[in-house]
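# Results of the structural survey
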Amino acid sequence: MSRVDSTVRRALAITAAAALALSMAACSGSGGGSGSKTVVWSTWGTPEELTRYKDFDQKFMKEHPDIKVVLQPVADYGDYHTKLLAQLASGTAPDVFYIGDDKIGQFVNSKALLPLTSLMESSASKTKPDDFAQGLFGATKKGDEYYAAPNDSNPDALWYDKEALKKAGVTDNPATLAAEGKWTTEAFLDMNEKLHKAGLTGSMFWNYWSTHYSWISSQGGKAFDESGKFVANTDQTSVKAMDVLAKNFQNGTFVVADTLPEGAGADSVFVTHKAGFFVQGRYTIGTVKAAGDPENYDVAPWPTPSGKAAPTGVAVSYLAINAKTKNKDAAFEFWTDFLSAEGQTQRLQGGGNAVPSIKGADKVVLDGYPEHAKTLLEMRDIGFEDYATEAAVPGLSSDISDKMLALYQGKASTKETLDEVAKMIADKTGGK
């Protein structure tokens, strides 16, 4: 699963009419009467990812000769969920399908997804609930019921450029400091200040939920409380943390990657040694290897005041089953194989684009690159997905990021912005 670009995440929310159509989702369009063994599934993806999916399908059908698998790919993430909504409304939806983490909440609330807890706990399951990193389920879980599970994951790690740090006169290695429990906020900000003074970009972040909430969490604050209420505007640690983050964006030490001009984007800045840190997932391996000098790069977790690692954001996509599928058993057989340790290993090995979401597949990450790749696994194990309160409302995450961008650009104060976010969430969630 490659990172869903934050400009795509900020696409227009699905209309109310489409949402209503989703809640009235008709039966699957996989074809055949009762007893059919055809499983139709759908996802988005790059050509390389789609090739891997097709290879998985072939292996699955060889091992399950009574089940035919048909992949319906959609090239563009921005079009994917709109098409899926239309299919659900017309009764032609796939049996199994991907859902983005910025859309999952509304799909769960729509009752269009098959409840999975009993199936996951059954003897036919290769994917028990406890096998997954628990923070990755996000809005897929309501009470004791699961409605989807993470395909794989991408912890938002601090990739850093050793050459850029050296140019700025930084002598400490972030990963070494992290291993020693000395990767503090003070050390991180000091490195960024040196980078900025040397005419380089300190750190590049994408403007989406993981950036806002990872910084709050890493600095000891709280974005949402246990009830799902947004509290960052009243938690003083959170307010102070966001003020520090905003001021570094405002003075140019930090950069919002979304705002960089076409042709001089964040990837280009990073591989030309013009930035010290770039917050991204494991897919960054492909970017730095293509540039020809991957040994200049490594990963570290987010810094904390104490130097002890804290939970931070992990981007995922989810796999769900159509509640109206005509082939429940076959659909689950495919679903559990796809998400199993074996399935994730097959899809992720040698590609470097994601971290498994399930126990038993970690070896695909520990292949020697980057040097501190284990950091990605450690971040996954304690990390979190977007909060259910936010993820359940179409467009809410994008609207919050709009407010945050204004803060990062110096167009609003920190407390004012957080108060506006709190009000927006309360208005759109009926009080939370």
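Quick note: structure is the one above.
Counting restarts for each chain: residues are numbered from 1 in the order of the written sequence. Given that this is a predicted model, residues contribute local features only at a pLDDT of at least 70 and side-chain atom pairs are listed and counted only at 80 or more, while totals for whole chains, interfaces and linings are drawn from all residues. To get the side-chain values, take all heavy atoms of the structure and skip hydrogens and water.

## Considerations on the pattern of salt bridges
Close approach of charged atoms allows side chains with opposite charge to pair. Inclusion rule: Salt bridge criterion: a side-chain nitrogen from Lys or Arg within 4 Å of a carboxyl oxygen from Asp or Glu. Secondary structure elements are defined from DSSP: runs of H or I of at least 4 residues count as helices, runs of E of at least 2 residues count as strands, and each element is numbered from the N terminus. Partly exposed describes any residue whose relative accessible area lies between the buried limit of under 20% and the exposed limit of over 50%, with all areas from a 1.4 Å probe on protein chains only and scaled to the type maximum.
For the coordinates displayed, the defined rule picks out 18 salt bridges. We note a salt bridge from aspartate 243 to lysine 247, for which the minimum N-O separation is 3.1 Å. Separated by four residues within a single helix, aspartate 243 and lysine 247 lie in helix H11 (residues 236-250), roughly one turn from each other. Owing to a relative accessible area of 48%, lysine 247 belongs among the partly exposed residues under this scheme. The partner of aspartate 427 in a salt bridge is lysine 423, and the shortest N-O contact between them spans 2.8 Å. On the criterion of helical spacing, the pair formed by aspartate 427 and lysine 423 is a turn pair, its members being four residues apart in helix H19 (residues 414-429). Within this structure, Lys59, Glu63 and Glu342 form a network of salt bridges that share partners.

## So, the sheet that holds strand E1 (residues 38-44)
Our working definition: The pairing criterion is simple: DSSP has to find at least two bridges between the two strands. Any pair of residues with heavy atoms lying within 4.5 Å of one another is described as a contacting pair. Orientation is described by axes fitted as lines to C-alpha atoms, over the contacting stretch for helices, and by angles from 0 to 180 degrees between their N-to-C directions.
As summarised here, the arrangement of the five strands in space is E2-E1-E3-E14-E6, forming an open sheet in which the pairing is mixed. With partners counted over all chains shown, the strands left at the sheet margins are strand E2 (68-74) and strand E6 (149-150), one partner each. Relative to E2, E1 runs parallel, the two sharing seven bridges. Bridging from a neighbouring strand, tryptophan 41 pairs with leucine 71 of E2. Set on the sheet, helix H3 (residues 47-63) makes contact with E1, E2 and strand E3 (96-100); between it and E2 the angle comes to about 170 degrees. Packed on one face of the sheet, helix H4 (residues 77-90) meets E1, E2 and E3 and runs near 130 degrees to E3.

## A word on the packing of helix H10 (residues 209-218) against H11
Note the following rule: Any angle that is under 35 degrees is reported as roughly parallel, and any over 145 degrees as roughly antiparallel; angles of 65 to 115 degrees are reported as roughly perpendicular and all others as oblique. By definition, turning the near helix anticlockwise from the far helix through less than a right angle yields a left-handed crossing, and turning it clockwise yields a right-handed one. Charged residues are taken to be Asp, Glu, Lys and Arg, nonpolar residues to be Ala, Val, Leu, Ile, Met, Phe, Trp, Tyr, Cys and Pro, and polar residues to be all remaining types, Gly included.
Packing of H10 against H11 brings their axes to within 9 Å, and their N-to-C directions diverge by 125 degrees. Comparing their axes, H11 and H10 come out oblique. Relative to H11, the crossing made by H10 is right-handed. Contacts from His212, Trp215 and Ile216 in H10 reach Ser238, Ala241, Met242, Val244 and Leu245 in H11. Considering only residue class, the contact of H10 with H11 consists of six nonpolar, two polar and no charged.

## Describing the environment of tryptophan 44
By the secondary structure assignment, tryptophan 44 is in strand E1. Owing to a relative accessible area of 9%, tryptophan 44 belongs among the buried residues under this scheme. Residues tryptophan 44 and alanine 361 lie 317 residues apart in sequence; the distance between their C-alpha atoms is 23 Å. In this view, tryptophan 44 contacts Leu50, Tyr53, Val74, Tyr77, Tyr80, His81, Tyr98, Ile99, Gly100 and Ser317; residues no more than four positions away in its chain are not counted.

## Describing the sheet that holds strand E10 (residues 254-256)
To summarise the sheet geometry, strands pair through backbone hydrogen bonds and adopt either a parallel or an antiparallel arrangement. Strand order in the open sheet formed by five strands is E10-E9-E11-E8-E12, and the pairing between neighbours is mixed. Both edges of this open sheet fall to E10 and strand E12 (297-300), since each of them pairs with a single strand only. Sheet twist, expressed as the average angle between the axes of neighbouring strands with direction ignored, equals 25 degrees. Pairing geometry for strand E8 (residues 157-161) and E12, over four bridges, is antiparallel. From the neighbouring strand, tyrosine 160 faces E12, where its bridge partner is aspartate 298. Taken strand by strand, H11 contacts strand E9 (201-205) and E10, and its axis lies near 85 degrees from that of E10.

On their own, these measurements won't tell you what the molecule is for.
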